[in-house]
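Structure at a glance
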Amino acid sequence: MSSRKRFAVVAAAALTLIAPPLGVKAADAATASPATADKTYTAAEVLAGVQKNSTTANKVNSKPHINTMTRSQNVNVFQVSSGVYAYSSSLAVDDDGSDPDSDPDHQDETTFQDSNGDQLAAHHVPFYVLGDDCYDRKSPCPHFFYKEHGIKGRQFALMFYKSKVIGAIFGDTQTGNDQTTSDNDSRELGEASVKAASSLGIPSSGTTGGVDNGVTVVIFSGSSWVVNGANSALNANAQALVQKALDSLGAGMGL
C-alpha cells in the first residue's frame, strides 16, 4: 500500500521450471478444500512437486508480474493443483499495521484485519501481499487477481525459502488503480511482513531487509483455508496448518 524503499542489487531471473503439462487449470479454485492424505509429505517433497507443476500449461497470468525487489517483469503464477496457486519471487518487507515501526513509509493500516477487526501486526503475524485490483481493468485479468480465484483476506499459504517452510496469511495489498500516492502498483508480487521474513531467516528490516528472489508462495484458495484469530493467535494458527497443507497438496499433486 505504501511506497517501499528497495535495495535490489541485480535483477534476478525468476525460477524457470519445465515439466510436462498437467492440465489442472480447469479446476474450480473457489471449491478447493483441505484433502485427507494417507501419506505425510516433507516440505522438500512438496516444493519439488510445486516446481515440477509450474509449467507454461499451468500458468494463470498472460502478462508477467513485477518482482517487487528487482523490478524485473519476470514473475508468473501457476495453478499447481486444484485451487492451489504458486509463484516464486523476492521478499520485500512490509512493516505496515498495528505494530509501531521506525520505517518512514510505515502505515498504521493493513488491507485486511484480524478476527476482532484490528489491523494486522506485521512484527507478529506472517502475511503475504498481493495486488489490490486488476491493473489492466479487464475480466478475466491478464495478471493474477486474487478475487478471480477464490482468495480472500487471511487466506492461508505456505511460504518456502531455502530449507524452511512457514504458514502465512493474506494480509495486505499493493497499490490499486485508484491509489495515486505510491510508486508501487498492483502488478507487483514479492512482499511479505516482518514476521514472515524473520521466520524464513530473511533480513526483516522494512528499510534495508528483504531478498531479491528464491521465495515461493503457495496459496490455498477456498473458505476452508481462511485463518481466523486475533493478532496474538494468528501466527500459531497458521503454523498449525503447515503439515496439513503439505499433506493435502502432496496428495493433490499425486506425489
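Summarised in this report is the structure supplied together with it. Since this is a predicted model, take the numbers as computed values, not measurements.

1. Considering the overall build of the chain
Helix and strand counts for the chain come out as four helices and nine strands. Of the regular secondary structure in the chain, the N- to C-terminal order runs α-β-β-β-β-β-β-β-β-α-β-α-α. A total of 255 residues make up the chain; the buried ones form 55% of that total. Restricting to contacts in the chain with at least 6 residues of sequence separation, those with at least 24 account for 75%.

2. Remarks on the nonpolar core
One finds Leu91, Tyr128, Leu130 and Met159 to be the most contacted residues of the largest nonpolar core, which totals 61 residues. Sequence-distant contacts of leucine 91, defined by excluding residues within four places in its chain, comprise Met69, Met159, Gly190, Ala192, Ala197, Leu200, Ile202, Gly210, Val211 and Val215.

3. Describing the packing of aromatic side chains
Summed over the entire model, instances satisfying the criterion amount to nine aromatic pairs. Measuring from ring centre to ring centre gives 5.5 Å for tyrosine 128 and phenylalanine 170, while their planes differ by 15°; the resulting arrangement is stacked. In this pair, tyrosine 128 sits in strand 4 (residues 127-131) while phenylalanine 170 sits in strand 6 (residues 164-174), placing the two residues 42 residues apart along the sequence. Here tyrosine 128 falls in the buried class, since its relative accessible area comes to 0%.

4. Let's talk about the environment of glutamate 45
Relative to the helices and strands, glutamate 45 is located in helix 1 (residues 43-53). For glutamate 45 and leucine 246, which are 201 residues apart along the polypeptide, the C-alpha to C-alpha distance reads 8.9 Å. With near-sequence residues (within four places) excluded, glutamate 45 lies in contact with Lys39, Thr40 and Leu255. Engagement of the side chain of glutamate 45 in a polar contact is seen with the backbone nitrogen of threonine 42, the distance being 2.9 Å.

5. Observations regarding the state of the cysteines
Going through the model one piece at a time under the given rule, you end up with one disulfide. Between the sulfur atoms of cysteine 134 and its disulfide partner cysteine 141 the distance amounts to 2.2 Å. Taking the torsion about the S-S bond as the criterion, the cysteine 134 to cysteine 141 disulfide, at about 90°, is right-handed. With a relative accessible area of 8%, cysteine 134 lands in the buried category. Note on cysteine 141: relative accessible area 9%, which makes it buried.

6. Some words on the pattern of salt bridges
With the rule as written, the count across this model stands at three salt bridges. Its salt-bridge partner being glutamate 188, residue arginine 71 comes within 3.2 Å of it at the nearest N-O pair. Of this pair, arginine 71 sits in the loop between strand 1 (66-67) and strand 2 (78-81) while glutamate 188 sits in strand 7 (residues 188-189), placing them 117 residues apart in sequence. Judged by its relative accessible area of 34%, arginine 71 is partly exposed. Residues arginine 187 and aspartate 185 are paired through a salt bridge, measuring 2.9 Å at the closest nitrogen-oxygen approach.

7. What about unusual backbone geometry?
Going from serine 139 to proline 140, the amide bond is cis rather than trans, its omega being 0°. By the element assignment, proline 140 lies in the loop between strand 4 and strand 5 (156-161).

8. Some thoughts on the packing of helix 1 against helix 4 (residues 242-252)
Running from N to C, helix 1 and helix 4 point in directions that differ by 45°, and their axes come no closer than 10 Å. The orientation of helix 1 with respect to helix 4, classified from their angle, is oblique. As helix 1 runs across helix 4, the sense of the crossing is left-handed. On helix 4, the residues touching Ala43, Val46 and Val50 of helix 1 are Leu246, Leu249 and Gly250. Residue composition of the contact of helix 1 with helix 4, grouped by class: five nonpolar, one polar and no charged.

Rules of the game
- Here the residue numbers are simple positions, counted from 1 along each chain's written sequence.
- For a predicted model such as this one, the threshold for reporting local features is a pLDDT of at least 70, and the threshold for listing and counting side-chain atom pairs is 80 or more; totals across whole chains, interfaces and linings nevertheless cover every residue.
- Hydrogens and water molecules were not included; the side-chain quantities draw on all heavy atoms of the structure.
- Every helix listed is a DSSP run of H or I at least four residues long, and every strand listed is a run of E at least two residues long, numbered separately from the N terminus.
- Summary of the burial criterion: residues with accessible area below 20% of their type's maximum are buried, those above 50% are exposed, and those between are partly exposed, where the area comes from a 1.4 Å probe applied to protein chains only.
- The contact definition used throughout considers only heavy atoms, calling two residues in contact when any of these lie within 4.5 Å.
- For the purposes of this section, nonpolar cores are sets of buried Ala, Val, Leu, Ile, Met, Phe, Trp, Tyr and Cys residues that join through side-chain atoms within 4.5 Å.
- Think of it this way: a Phe, Tyr or Trp ring, Trp meaning its six-membered ring, pairs with another when their centres are within 6.5 Å, and the plane angle makes it stacked under 30 degrees, edge-to-face over 60, tilted otherwise.
- Polar contact criterion, stated in full: a pair of N or O atoms within 3.5 Å, where within protein one must be able to donate a hydrogen and the other to accept it, and residues adjacent in sequence count only if both atoms are side-chain atoms.
- Disulfides are defined in this document as cysteine sulfur pairs within 2.5 Å.
- Whenever a carboxyl oxygen of Asp or Glu lies within 4 Å of a side-chain nitrogen of Lys or Arg, that contact is scored as a salt bridge.
- The axes are straight lines fitted to the C-alpha atoms, using for helices just the contacting stretch, and the angles between their N-to-C directions are given from 0 to 180°.
- Throughout this description, any angle smaller than 35 degrees is read as roughly parallel, any larger than 145 degrees as roughly antiparallel, any in the 65 to 115 degree range as roughly perpendicular, and the remainder as oblique.
- Left-handed describes a crossing whose near helix is turned anticlockwise from the far helix through less than a right angle; right-handed describes the clockwise counterpart.
- As a working rule, the residues Ala, Val, Leu, Ile, Met, Phe, Trp, Tyr, Cys and Pro are called nonpolar, Asp, Glu, Lys and Arg charged, and the rest polar, with Gly in that last group.

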